[in-house]
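So you can see what is in the structure, the chains are spelled out below.
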2 protein chains.
Amino acid sequence: MYPDGYSTFVAVEGISSVLEGKSRPTHFRGVTTIVTQLFHLTKPHRAFFGQKDVQQCVVVKRIVKDLHFDVEIIVAPIVRETDGLAMSSRNVYLSPQERSEATVLHAALCRAELLIGSGERNAAAIVTEMKNMIELKKSAAIDYIEIVNADSLAVLDRLQKGIPTLVVLAVRFGATRLIDNALMRVQ
Amino acid sequence: MYPDGYSTFVAVEGISSVLEGKSRPTHFRGVTTIVTQLFHLTKPHRAFFGQKDVQQCVVVKRIVKDLHFDVEIIVAPIVRETDGLAMSSRNVYLSPQERSEATVLHAALCRAELLIGSGERNAAAIVTEMKNMIELKKSAAIDYIEIVNADSLAVLDRLQKGIPTLVVLAVRFGATRLIDNALMRVQ
């Protein structure tokens, strides 16, 4: 994939530097470069990405739009265990206690949905309630919880109808870092 | 070409920063980005670029190789006026004296070819002879003259058989900046 003298990168400014990009500054440049290579080699009509890596979906949609790739991006929904934990190859690294406490992530996203459904429009108030829930768990250490525009990933202070709204979080349970997110309906 | 929220760039490290890239730090990033867009929109089997903008040719070949574009790059030779001056839309800006003096660029490239043909392998010696010729012209101000590997654009100290060798230069005549280059046979 990387011929001798390799030196080309496909990079998206702005949305690659926030959220996951903060702790992994070159990660999304790697994603967009390899995705470009794979699109050129396979020339797909459709490409499927998972909503769990929502920032990856946003970044890939951005290169498709900006660089006029002739491919349709389809985002597949998050698949969850029966107790709500988003499926991930990392879940096997959780100790039994961490595994049990990690269910708080989905619970906190559901709590956010409930708050928004009942009219809360102040992003900070929603994030604070989520933080309070998660911090009750002994093994949890929050990396970030943010409410952002689902297209631009710009942080939202106030939620409003018509702006695609995404709640996104990263939390460590012991040594295992988990991510989760949910799109919100704002009426 | 550039949708709302545009933020994607295709960039080549290293070879975009030397020669022309020194005075125009974002120029080749612009070239490689628009070429990517045009390749995606038109899906060509072959794309033609001119040898006169040799660094552009090298950079475009690099993205095609690195990103696995399914397109053949064909480099068309430099077309010259009868007195040797490389054709360029900029030539009309030259005063009669500058136009006359600008023929020294091709003469200097021919001199380099002659030196190499007669066995000179020291790049600095060749560049010095070219500089001396060009500096005799009253309106000329040299930006750069370099002997580089034609694929990597790495500066060569000694010429040797088997290394694709390019002599490349940029010189101002009054307010008009001209570029020219020639591939060299090193036996």
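Here the structure is a predicted model, which is why all the values come from computation and not from measurement. Within every chain, residues take consecutive numbers counted from 1 along the sequence as written. Numbering of ligands from 1 and lettering of chains from A proceed in the order in which they are written. Given that the model is predicted, a residue must reach a pLDDT of at least 70 before its local features are reported, and side-chain atom pairs must reach 80 or more before they are shown or counted; all residues, however, enter totals for whole chains, interfaces and linings.

Topic: the overall build of chain A
Right, on to step 1. Scanning chain A for helices and strands turns up 6 helices and 6 strands.
Right, on to step 2. A helix here means a DSSP run of H or I that spans at least four residues, while a strand means a run of E at least two residues long, and both kinds are numbered starting from the N terminus. Mapped from its N terminus to its C terminus, chain A presents α and β elements in the order β-α-α-β-α-β-α-α-α-β-β-β.
Right, on to step 3. Here the radius of gyration uses the C-alpha set of atoms, whereas the globule reference equals 2.2 Å times the residue count to the power 0.38. The C-alpha atoms of chain A give 18 Å as radius of gyration, which agrees with the globular expectation for 187 residues (16 Å, within 12%).
Right, on to step 4. Reported as C-alpha extents along the three principal axes, the dimensions of chain A are approximately 50 × 40 × 30 Å.
Right, on to step 5. Residues classed as buried in chain A amount to 34% of the 187 residues present.
Right, on to step 6. Remark: residues whose backbone-derived C-beta atoms lie within 7 Å of one another are considered to be in contact. If you take every contact in chain A between residues at least 6 apart in sequence, the share linking residues at least 24 apart comes to 58%. Three exposure classes are used. Buried residues have 20 or more other C-beta atoms within 10 Å of their own C-beta, exposed residues have 12 or fewer, and partly exposed residues fall in between, all C-beta atoms being placed from the backbone.

Overview of the sheet that holds strand 4 (residues 140–149) of chain A
All names here are of chain A.
Right, on to step 1. Pairs of strands are assigned from DSSP output, requiring at least two bridges between the strands. Strand order in the open sheet formed by 3 strands is 4-5-6, and the pairing between neighbours is antiparallel. On the outer flanks of this sheet lie strand 4 and strand 6 (176–184), each paired with one strand and no other. Taken pair by pair, the neighbouring strands of this sheet meet at an average axis angle of 15°, ignoring direction.
Right, on to step 2. By the bridge criterion, 9 bridges tie strand 4 to strand 5 (residues 165–173) in an arrangement that is antiparallel. Bridge pairing in strand 5 links Ile-147 to Val-167.
Right, on to step 3. Sheet strands in contact with helix 5 (residues 104–117) are strand 4, strand 5 and strand 6, and its direction is about 20° off that of strand 6. Here the axes come from fitting lines to C-alpha atoms, over the contacting stretch only for helices, and the angles between their N-to-C directions go from 0 to 180 degrees.

What to know about helix 6 (residues 123–135) of chain A
All names here are of chain A.
Right, on to step 1. Helices are assigned an expected span. That span is 1.5 Å times one less than the residue count. Relative to the 18 Å expected for 13 residues at 1.5 Å per residue, helix 6 spans 18 Å between its end C-alpha atoms, a close match to the ideal helical length.
Right, on to step 2. Those residues of helix 6 not exposed but buried are Ala-123, Ile-126, Met-130 and Ile-134. Buried residues of helix 6, viewed axially, fall in a sector of 70°; they line one side. Summarising the geometry of helix 6, the exposed residues directed more than 90 degrees from the buried face are Ala-124, Ala-125, Thr-128 and Asn-132.
Right, on to step 3. Lining the buried residues of helix 6 we find helix 5, strand 4 and strand 5. As used here, the arc belongs to the directions running from the helix axis to the C-beta atoms.

Describing the pairing of strand 1 (residues 8–12) of chain A
Right, on to step 1. Counting buried positions over the 5 residues of strand 1 of chain A gives 4, a clear majority of the element.
Right, on to step 2. Note that strand 1 of chain A and strand 1 (residues 8–12) of chain B share 5 bridges and pair antiparallel. The partner of Val10(A) across the bridge, within strand 1 of chain B, is Val10(B).

A closer look at the domain arrangement of chain A
How large an interface is tends to be reported as the accessible area lost when its parts come together.
Residue and element names in this part refer to chain A.
Right, on to step 1. Each domain of chain A was delimited in the assignment, giving domain 1 (20–76) and domain 2 (89–184).
Right, on to step 2. Its C-alpha centre places domain 1 at a distance of 23 Å from the equivalent point of domain 2.
Right, on to step 3. Note that Gly is not counted as nonpolar here; it falls among the polar residues with everything else outside the nonpolar set of Ala, Val, Leu, Ile, Met, Phe, Trp, Tyr, Cys and Pro and the charged set of Asp, Glu, Lys and Arg. Its residues placed into classes, the side of domain 1 that touches domain 2 shows 2 nonpolar, 1 polar and 1 charged. Each domain's extent is set by a domain assignment, obtained either automatically or from a database.

Looking at the sheet that holds strand 5 (residues 165–173) of chain B
Residue and element names in this part refer to chain B.
Right, on to step 1. Pairing is antiparallel across the open sheet formed by 3 strands, whose spatial order is 4-5-6. At either end of the open sheet lies a strand with only one pairing partner, and these are strand 4 (140–149) and strand 6 (176–184). Ignoring which end each strand starts from, the neighbouring axes of this sheet average 15° apart.
Right, on to step 2. Across the sheet, helix 5 (residues 104–117) is in contact with strand 4, strand 5 and strand 6; its angle to strand 6 comes to roughly 20°.
Right, on to step 3. On top of the sheet, helix 6 (residues 123–135) reaches strand 4 and strand 5; it is set at about 160° to strand 4, its chief contact.

Regarding the interface of chain A and chain B
Right, on to step 1. On the chain B side, the residues contacting the 25 residues of chain A number 25 residues.
Right, on to step 2. Those elements that provide at least two residues to the side of chain A that touches chain B are strand 1, helix 2 (27–42) and helix 3 (54–66) of chain A.
Right, on to step 3. At 5 residues, strand 1 of chain A tops the list of elements feeding residues into the side of chain A that touches chain B.

Details of the environment of Cys57(A)
Residues and elements named next belong to chain A.
Right, on to step 1. Considering the arrangement of structural elements, one finds Cys-57 in helix 3.
Right, on to step 2. As a C-alpha pair, Cys-57 and Ala-76 span 19 residues in sequence and 9.9 Å in three-dimensional space.
Right, on to step 3. Beyond its immediate sequence surroundings of up to four residues, Cys-57 is in contact with Phe-49, Gln-51 and Val-75.

Comments concerning the relation of the copies chain A and chain B
Right, on to step 1. Under the fitted operation, chain A is carried onto chain B by 0.0 Å of movement along the axis and a turn of 180°, and the coordinates agree to an RMSD of 0.0 Å. On the angle and the small slide along the axis, the relation comes out as a two-fold axis. Minimal C-alpha separation from the rotation axis in chain A is found for Val10(A), amounting to 2.2 Å.
Right, on to step 2. Comparing interface residues between copies, 100% of those in chain A also sit at the interface in chain B, which points to an isologous, same-surface contact. Only residues with pLDDT of at least 70 in both copies contribute their C-alpha atoms to the least-squares superposition of the copies.

Section: unusual backbone geometry
Residues and elements named next belong to chain A.
Right, on to step 1. Of note, the phi angle at Lys-43 is positive, near 45°, even though the residue is not glycine.
Right, on to step 2. Its place among the elements puts Lys-43 in the loop between helix 2 and strand 2 (46–50).
Right, on to step 3. You can call Lys-43 exposed: it has 11 C-beta atoms within 10 Å.

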